[in-house]
Amino acid sequence: QVQLAESGGGLVQAGGSLRLSCAASGRTFSIDAMGWFRQVPGKEREFVAAISRSSGSTYYADSVKGRFTISRDNAKITVYLQMNSLKPEDTAVYYCAVRLDYCIGYGCYIREYHYDYWGQGTQVTVSS
């Protein structure tokens, strides 16, 4: 079992920045990747960014490339999402997720069904 604790959400003006954190506990030794997804009411949950635990390779949705940066601290077993140049359309509940199974390829990181555990979500609201 892996538990995820998200923090850092809040209200920010368009063009501003926020930094989300997700701390993992439990069977953290088995984590192969950590990622962020987001969801707006009435829409499907969508991929935002992900990172490989071992290699540090990163993956981003086209909508956030150049604005968001994902990083990890393996000693703290924590993943971060630095969000810059925020837009109103970034408003959503952001969920941290972890994948346990070893997997290679872009699809392993961007598709929800590859992930095993999810956090409770943290609200990000960007005002116009």
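Residues numbered from 1 in each chain as written. Predicted model: local features only at pLDDT ≥ 70, side-chain atom pairs only at ≥ 80, totals over all residues. Heavy atoms only, no water.

**Some remarks on the side chain of E6**
One can find E6 in strand β1 (residues 2–7). No salt bridge is formed by the buried E6, whose closest oppositely charged neighbour, R45, lies at an N-O distance of 7.9 Å. There is a polar contact of 2.9 Å between the side chain of E6 and the backbone nitrogen of Q120. At 2.5 Å, the side chain of E6 forms a polar contact with the backbone nitrogen of G121. If sequence neighbours within four positions are ignored, E6 has contacts with S21, C22, W36, Y94, Y95, C96, G119, Q120, G121 and T122. (Helix = DSSP H or I, 4+ residues; strand = E, 2+ residues; numbered from the N terminus. Buried < 20%, exposed > 50% of the residue type's maximum accessible area, 1.4 Å probe, protein only. Lys, Arg positive; Asp, Glu negative; His and termini not counted. Salt bridge = Lys/Arg side-chain N within 4 Å of Asp/Glu carboxyl O. Polar contact = N/O pair within 3.5 Å; in protein donor to acceptor, adjacent residues only side chain to side chain. Contact = heavy atoms within 4.5 Å.)

**Overview of the pattern of salt bridges**
Within this structure, the stated rule accounts for six salt bridges. In this structure, the salt-bridge partner of D32 is R99, at a minimum N-O distance of 2.7 Å. Of this pair, D32 sits in the loop between β3 (18–26) and β4 (33–39) while R99 sits in strand β9 (residues 92–99), placing them 67 residues apart in sequence. R99 carries the same exposure label as D32, and that label is buried. Where D90 meets R38, a salt bridge forms, and the shortest distance between an N and an O atom there is 2.9 Å. Of the two residues, D90 sits in the loop between β8 (78–83) and β9 while R38 sits in strand β4, which places them 52 residues apart along the sequence.

**Regarding the state of the cysteines**
The tally for this structure, following the rule as stated, stands at two disulfides. Linked covalently through their sulfurs, C22 and C96 form a disulfide whose S-S length is 2.0 Å. The chirality of the disulfide connecting C22 with C96 is left-handed, given an S-S dihedral of about -85 degrees. Of this pair, C22 sits in strand β3 while C96 sits in strand β9; the two residues are 74 residues apart in sequence, bridging distant segments of the chain. Like C96, C22 is buried. Disulfide pairing is shown between C103 and C108; the S-S distance is 1.8 Å. Between C103 and C108, the disulfide has an S-S torsion of -60 degrees and is therefore left-handed. Of the residues examined, C108 reaches a relative accessible area of 5% and is grouped as buried. Taking only the cysteines that form disulfides and numbering them from first to last, the protein chain has the pattern 1-2, 3-4. (Disulfide = S-S within 2.5 Å.)

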